[in-house]
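Fold and contact review
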Amino acid sequence: MEMKTRVTGDVNVLELAGRFDTNTVPPVAAWLEQVTSTPGARVLVNLANTTFVDSTALATLVQALKRCQQVKGDLYLCGMRRPVYMIFELTRLDKAFNIFVDEEHAIKALTS
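This section reports on the structure supplied with the text. (Residues numbered from 1 in each chain as written. Predicted model: local features only at pLDDT ≥ 70, side-chain atom pairs only at ≥ 80, totals over all residues. Heavy atoms only, no water.)

Section: the pattern of salt bridges
- All told, the structure shown has 7 salt bridges when counted by the stated rule.
- Residue Glu15 is joined to Arg6 by a salt bridge in which the shortest nitrogen-to-oxygen separation is 2.5 Å.
- Glu103 is the salt-bridge partner of Arg6, the closest N and O atoms lying 2.2 Å from each other. Here Arg6, found in strand 1 (residues 2-8), pairs with Glu103, found in helix 4 (residues 103-111); they are 97 residues apart in sequence, far enough to count as distant.
- For Glu103, a relative accessible area of 16% gives the class buried.
- One salt-bridge network, held together by shared partners, links Arg6, Glu15 and Glu103. (Salt bridge = Lys/Arg side-chain N within 4 Å of Asp/Glu carboxyl O. Helix = DSSP H or I, 4+ residues; strand = E, 2+ residues; numbered from the N terminus. Buried < 20%, exposed > 50% of the residue type's maximum accessible area, 1.4 Å probe, protein only.)

Here you go:
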């Protein structure tokens with residue numbers, strides 16, 4: 001898995017490519033813990049190039065979402081491929097997260 005981070009305006013963006021699973025979670029979890037602990041954090045996870053997520057990856061995203069909500073922040077997801085989105089639908093996590101088609105729409109929503 002490849003992980004790229006950047007800041008767009010006041011939004012911390014994380015781009016993931018490849019498989020997001022038990023073996024690749026630690027650096028993602030560490031980054032998410034750091035950025036979602038800041039009061040009013042705005043975080044976007046771009047999954048456009050992510051080919052697979054497992055239960056550990058889902059749990060990592062849920063923990064980050066909860067931490068973000070505790071500090072009155074937002075964590076959005078964007079760019080999911082159909083197989084990845086299906087996993088979110090099956091686990092009903094599509095109802096828990098704000099999921100956008102692409103990064104442009106997600107950033108617009110986060111900053112408005």
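Concerning the packing of aromatic side chains
- Evaluation of the coordinates by the stated rule reveals 2 aromatic pairs.
- Centre to centre, the rings of Phe88 and Phe97 are 5.9 Å apart; their planes meet at 75 degrees, and the pair counts as edge-to-face. The burial state of Phe88 is the same as that of Phe97; both residues are buried. (Phe/Tyr/Trp six-rings, centres within 6.5 Å; stacked < 30°, edge-to-face > 60°.)

Comments concerning the sheet that holds strand 1
- Taken in spatial order, the 5 strands of this open sheet run 1-2-3-4-5, and their pairing is mixed. One side of each edge strand has no neighbouring strand; the edge strands of this open sheet are strand 1 and strand 5 (98-100). The mean inter-strand angle of the sheet, taken between neighbouring strand axes irrespective of direction, is 25 degrees.
- As paired elements, strand 1 and strand 2 (residues 11-20) share 7 bridges and run antiparallel to each other. Across the sheet, the residue bridging to Thr5 is Leu14, located in strand 2.
- With respect to the sheet, helix 1 (residues 25-36) is in contact with strand 1, strand 2, strand 3 (42-53) and strand 4 (74-78), its orientation differing from that of strand 2 by roughly 165 degrees.
- Sheet contacts for helix 2 (residues 55-70): strand 2, strand 3 and strand 4; angle to strand 4, the most-contacted strand, approximately 145 degrees. (Pairing = 2+ DSSP bridges. Axes fitted to C-alpha atoms, helices over the stretch in contact; angles between N-to-C directions. Contact = heavy atoms within 4.5 Å.)

A word on the packing of helix 1 against helix 2
- Contact geometry of helix 1 with helix 2 gives a least axis separation of 9 Å together with a crossing angle of 5 degrees. One finds that helix 1 runs roughly parallel with respect to helix 2. In this structure, helix 1 contributes Val25, Ala29, Leu32, Glu33 and Thr36 to the contact, and helix 2 contributes Thr56, Ala57, Thr60, Leu61, Ala64, Arg67 and Cys68.
- Each residue belonging to the contact of helix 1 with helix 2 can be placed in one class, and the counts come to 7 nonpolar, 3 polar and 2 charged. (Parallel < 35°, antiparallel > 145°, perpendicular 65-115°, else oblique. Nonpolar A, V, L, I, M, F, W, Y, C, P; charged D, E, K, R; others polar.)

Some remarks on the pairing of strand 4
- Here strand 4 lies mainly inside the structure; 4 of its 5 residues are buried.
- Looking at chain direction, strand 3 and strand 4 are connected through 5 bridges and run parallel. Paired with Val45 across the two strands is Leu77, which belongs to strand 4.
- The parallel pair strand 3 and strand 4 is bridged by helix 2, and the resulting crossover is right-handed.
- In this structure, strand 4 lies alongside strand 5, joined through 3 bridges in parallel fashion. Bridging across to strand 5, Tyr76 finds its partner in Asn98. (Right-handed = clockwise from strand over helix to strand, strands pointing away.)

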